[in-house]
Amino acid sequence: MKFTKAEIDAIIEASPRTFVPFDKLVLSQDYQARAGGSTPKMSIAELAASIKECGVLQNLVVVQGTRGRYEVCAGGRRLEALTLLVGNGDLAGNYPVPVLIVPADRALIASLSENVFHIPMHPADEFAAFAKLIGQGKSVEDVAAAFGVTPLVVKRRMKLATVSPKLMALFREDHIGLDCLMVLASVDDHQKQEQTWAALPSWNRRPDYLRQLLTQGEIESDRDAVAKYVTLKAYEKAGGALRRDLFSDDDKKVYLLDAALLEKLATDKLQKRAKQIAAEGWKWVDVRVRYAFDEYVKYGELRKTKRQPDAEEAAALEDLDGRIAALHAQMEALAEALADEDGDEEAFYQLEGEAEGLEEQRKAIDEALSVWSADLMAQAGCVVHVGHNGAVAVKYGLIRPEDRSDMVQAARQAAENGTDESLVSLPSPKTRPVHSEKLVRCLTAHRVAAVQAELLDRPDVALAAITAHLAQKIFRGNNLYYRRSENVFAISAIDSQSDLRSAAEDMEASAAWAKLQAERTAWAERLPENLEEIFPWLLAQEQATVLRLLTFVVAVTVTGIYGTEPERQSNEALARALGLDMSRWWTATGASYFNHVPKARVLEVVTEAVDANAASPLAALKKDAVVTGAEQTVAGTGWLPGVLRVQALPTAGECSESLHGEEAEPAMAEASAMQYR
């Protein structure tokens, strides 16, 4: 039978209300709508505290039982809280409890009514109520005691009540979760709360990401190395602004808001250590809150030199070496016994621990033998900074760029005095590249197109190239057991046409491109429209036709576009085999080259391609006139930039790969210069 709310309300209205002593109440086993044990146990202590403070505000629903007892069919949580209070002596055993007595045949309906039609308080209302209690003069401790919670819980609920009304409305409508609301409540600025929430993408409304956005520019006291070094106590003493997060699991979690003050305090504290370092004899000492690698990337580094041990140190090293060797011998014997299942494993690990301890002692003595050369220290310096662990760290032995020559001279003097070690490491000076990345890509794209065009006339080279390519793949070895390709052959071919056009804007105007496109068009007209029919079509063709098609598809897969000029290009061997002469395919003009390099470079090219006399009149002109003059002067010389030249084969006994650094560049220049002379 289905009852309406009105019918249930009528039953309850007709039932008498009265008070029953607590010790006359028992929990009903037959008339409860809520199963026993389904009540959250964590809420009973809070409910008991509330009853102790305010009494039972809502009556229990009971059925009159036998022997003067009353069975509780609705209000089990209140009965459990009362039991707790009576057991603790906070209430008497005959404490009068308000009840509603219903007939037994209507008891289950009454229980169902209380549980189904009861609307629980929204958390937002609870937050506001806590704040009102505090506003009325109640202390945090009083409110906590009244509701059986900790003062921290009360503070958190009060804090939640201060969230922007706009965001609280969204919380009431379930558009913001409680976890995100707690993060928003951690800051007091309503505008910041609203702006941050609005900026949060709908697909990433996670509390951790929201906290990351809200705390940008703030410094976490327990995670930031500088904050740990300065200490929160010192920061607060200096008047530093901070923000505490009531909702953090760590009650010591603090956000520091004054980064400038924190860095000043750290710098002042580091100065003491810096004075000690300076007294050691270094030329300079920098103090940095954080060590920035980029700031010192151009600096060289001084290395320590190893001094001879004195008599005491030598004796200690000899003793340690002997003891370590003896322990290792015992360990080897035990290891053999363990292998035969006849050894003492515990004894082995004990010996291992002793050996490690002795090795640490030896390492300490060995490190003490490594010292800074006093003469070289006078040309180097140190950086005192805060390390990642929040402690002072020192970067020793840095050499400023302006001190390089003096350091090299001092190091050379040290070497003459019998020091065999290399004590100085200097970074290679960076030189500005002759050509920009865009120009190098353009030039190498033209080179690739030229190689492809040349290859169209050399099926013998194409056949050798593709065979070599496949042989390299086979003999290099391949441990891939899973292949997604369903092709008959595991061979791939990628047309580089789009790459060439992307790298060189003038590619489509080149002779190489015209030749390639003519060949492509011819094949497109000749091949079957259905690509699946190419194989049977080729079977019916003469071998020369097959070889010609192979040559084309091999040609258009040639690659070799670079952003910076390489020492050796990937298609070098192929270009050499084809006898590539780029002057047939590319000419230095204003558009192709001179407009893209500085005036000084243009004059260098004219001098190199013709002579200094030809370049001299151009030096006084403006860039546009220099470009025009250079284009006319260089025309017909066959001049090529190095990246377009084909390197000559190394002579007998030489290996181009053995050339390094300063020796490689003149050798490459000499070889490439032969290409246009």
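Preceding block: the structure.
Residues numbered from 1 in each chain as written. Predicted model: local features only at pLDDT ≥ 70, side-chain atom pairs only at ≥ 80, totals over all residues. Heavy atoms only, no water.

Peer 1: When you look at the overall build of the protein in this model, what are you seeing that I'm missing?
Peer 2: Helices and strands together make up the secondary structure of the protein, namely 29 helices and 15 strands. Per-residue burial for the protein yields a buried fraction of 35% across its 677 residues. Taking contacts inside the protein between residues at least 6 apart in sequence as the whole, the part at least 24 apart equals 72%. Here the protein has roughly 40,600 Å² of accessible surface; of this, 52% comes from carbon and sulfur atoms. (Helix = DSSP H or I, 4+ residues; strand = E, 2+ residues; numbered from the N terminus. Buried < 20%, exposed > 50% of the residue type's maximum accessible area, 1.4 Å probe, protein only. Contact = heavy atoms within 4.5 Å. Areas by Shrake-Rupley, 256 points an atom, 1.4 Å probe, with all protein chains shown as cover.)

Peer 1: Please explain the packing of helix α19 (residues 437-455) against helix α22 (residues 511-526) as it appears in this structure.
Peer 2: Think of two packed helices as two axes; the pair is described by the angle between the axes and how far apart they sit. Closest axis-to-axis distance for the α19/α22 pair is 8 Å, and the angle between their directions is 45 degrees. Accordingly, the angle class assigned to the pair α19 and α22 is oblique. In this structure, α19 crosses over α22, and the sense of that crossing is left-handed. Along the contact surface, α19 presents Ala-449, Ala-450, Gln-452 and Ala-453, while α22 presents Ala-512, Lys-515 and Leu-516. When its residues are assigned to classes, the contact of α19 with α22 shows 5 nonpolar, 1 polar and 1 charged. (Axes fitted to C-alpha atoms, helices over the stretch in contact; angles between N-to-C directions. Parallel < 35°, antiparallel > 145°, perpendicular 65-115°, else oblique. Left-handed = near helix turned anticlockwise from the far one by under 90°. Nonpolar A, V, L, I, M, F, W, Y, C, P; charged D, E, K, R; others polar.)

Peer 1: What is the right way to read empty space enclosed by the protein from this model?
Peer 2: Summary: where empty space remains is shown by rolling a probe the size of a single water molecule over the atoms. Scanning the model with the defined rule gives 1 cavity of 30 Å³ or more in all. Here the largest cavity is characterised by a volume of approximately 30 Å³. Residue assignment for the lining of the largest cavity shows that the elements contributing at least two residues are α21 (497-503) and α22. Here the lining of the largest cavity gets 4 residues from one element, more than from any other, and that element is α22. Of the residues contributing to the lining of the largest cavity, the split by class is 4 nonpolar, 4 polar and 2 charged. (1 Å grid on protein atoms, 1.4 Å probe; cavity = no way out; pocket = protein on both sides within 12 Å on 5 of 7 lines; lining within 4 Å. Points joined across faces, edges and corners; volume = space filled by probe spheres on them.)

Peer 1: It is not clear to me how the packing of aromatic side chains should be interpreted in this structure. Could you clarify?
Peer 2: Note on aromatic pairs: each is described by the distance of the centres and the angle between the planes. If you walk through the whole model with that rule in mind, you get 10 aromatic pairs. Centre to centre, the rings of Tyr-291 and Tyr-296 are 5.2 Å apart; their planes meet at 10 degrees, and the pair counts as stacked. The ring of Tyr-229 is capped by Lys-269, whose NZ or CZ atom sits 4.4 Å from the centre of that ring. (Phe/Tyr/Trp six-rings, centres within 6.5 Å; stacked < 30°, edge-to-face > 60°. Lys NZ or Arg CZ within 6 Å of the ring centre and 35° of its normal.)

Peer 1: Help me understand the sheet that holds strand β6 (residues 219-220), please; the structure alone is not making it clear to me.
Peer 2: Consider a sheet: its strands pair through backbone hydrogen bonds, and that pairing is either parallel or antiparallel. Spatially, 3 strands are ordered β6-β8-β7 in an open sheet, and the strand pairing comes out antiparallel. At either end of the open sheet lies a strand with only one pairing partner, and these are β6 and β7 (242-244). (Pairing = 2+ DSSP bridges.)

Peer 1: How should I be thinking about the pattern of salt bridges in this particular structure?
Peer 2: Note on pairing: side chains with opposite charge can pair once their charged atoms come close. Using the criterion set out here, one finds 28 salt bridges in the structure. Across the pair Glu-263 and Arg-290 runs a salt bridge whose closest N-O atoms are separated by 3.1 Å. Of the two residues, Glu-263 sits in helix α14 (residues 259-278) while Arg-290 sits in the loop between β9 (284-287) and β10 (300-302), which places them 27 residues apart along the sequence. Ionic pairing is found between Glu-572 and Arg-447, a salt bridge with its closest N-O pair at 3.0 Å. Here Glu-572 is found in helix α25 (residues 572-578), whereas its partner Arg-447 is found in helix α19, with 125 residues between them in sequence. On the basis of relative accessible area, Glu-572 is assigned to the buried category, the value being 2%. Look at Arg-447 and you get buried, because its relative accessible area is 0%. Each of Asp-286, Arg-288, Glu-295 and Arg-400 takes part in a single network of salt bridges with overlapping partners. (Salt bridge = Lys/Arg side-chain N within 4 Å of Asp/Glu carboxyl O.)

Peer 1: Is there a simple way to explain the nonpolar core in this structure?
Peer 2: One broad rule of soluble globular proteins: the nonpolar side chains tend to lie buried together. Ranked by internal contacts, the top residues of the largest apolar core, which has 58 residues, are Leu-455, Leu-580, Met-582, Trp-586, Tyr-593 and Phe-594. By residue number, the principal contributor to this core is α19, which donates 10 residues. Apart from the residues lying within four places of it in its own chain, the contact partners of Leu-580 are Arg-447, Ala-450, Val-451, Glu-454, Ala-575, Trp-585 and Val-646. Among the nonpolar cores identified, the runner-up in size contains 31 residues, and Tyr-235, Leu-261, Val-289 and Ala-411 belong to it. (Core = buried A, V, L, I, M, F, W, Y, C linked by side-chain atoms within 4.5 Å.)

Read these as layout, nothing more, since geometry by itself doesn't imply function.
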